[in-house]
Amino acid sequence: MIGRKKMISGTYLLSGVMLIISAQLFKAGDLNATTQTLAWTVIFFFASAGASAGYLTVSEVFPLEVRAKASPAA
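Treat the numbers as computed from the prediction; the structure is a model and nothing was measured.

1. Quick notes on the overall build of the protein
No. 1: Along the protein, the regular secondary structure elements total three helices and zero strands.
No. 2: In sequence order, the protein lays out its α and β elements as α-α-α.
No. 3: Buried residues in the protein amount to 15% of all 74 residues.
No. 4: Considering only intrachain contacts with a sequence separation of at least 6, the fraction spanning at least 24 residues in the protein is 67%.
No. 5: Taken as a whole, the protein presents about 5,900 Å² of accessible surface, with 73% of it coming from carbon and sulfur.

Structure follows, in structure tokens:
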């Protein structure tokens, strides 16, 4: 296991790098709408993995009372 912090950081870093690469490819005219959408789908896959892991980690970091105070419904 690599650990949550490394996984969250790694997935965000990877998706950021992939987003920069896709932007450069699009700027150069190497991507059309279909291939750009496919690239963003792959990027979103990695970014959402980091977001999901981060969401699950928050419940362990902050006590229930603190999270309840931050809720808009509270």
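2. So, the side chain of Gln36
No. 1: Tracing the sequence through the fold places Gln36 in helix α2 (residues 33–61).
No. 2: Judged by its relative accessible area of 7%, Gln36 is buried.
No. 3: Ignoring sequence-local partners within four residues, the contact set of Gln36 consists of Ser22, Phe26 and Leu31.

3. Let's talk about the environment of Ala49
No. 1: For Ala49, the position within the fold is in helix α2.
No. 2: What makes Ala49 partly exposed here is its relative accessible area of 29%.
No. 3: Residues contacting Ala49, with those up to four places away along its chain left out, are Met7 and Thr11.

4. Observations regarding helix α1 (residues 4–27)
No. 1: Over its 24 residues, α1 extends 34 Å from the first C-alpha to the last, a length consistent with the 34 Å expected when each residue adds 1.5 Å.
No. 2: Positive phi appears at Gly29, one or two residues downstream of α1, with a value of about 85°.

Rules used throughout
Residues numbered from 1 in each chain as written. Predicted model: local features only at pLDDT ≥ 70, side-chain atom pairs only at ≥ 80, totals over all residues. Heavy atoms only, no water. Helix = DSSP H or I, 4+ residues; strand = E, 2+ residues; numbered from the N terminus. Buried < 20%, exposed > 50% of the residue type's maximum accessible area, 1.4 Å probe, protein only. Contact = heavy atoms within 4.5 Å. Areas by Shrake-Rupley, 256 points an atom, 1.4 Å probe, with all protein chains shown as cover. Expected span 1.5 Å × (residues − 1).

Geometric values such as these leave the question of function open.
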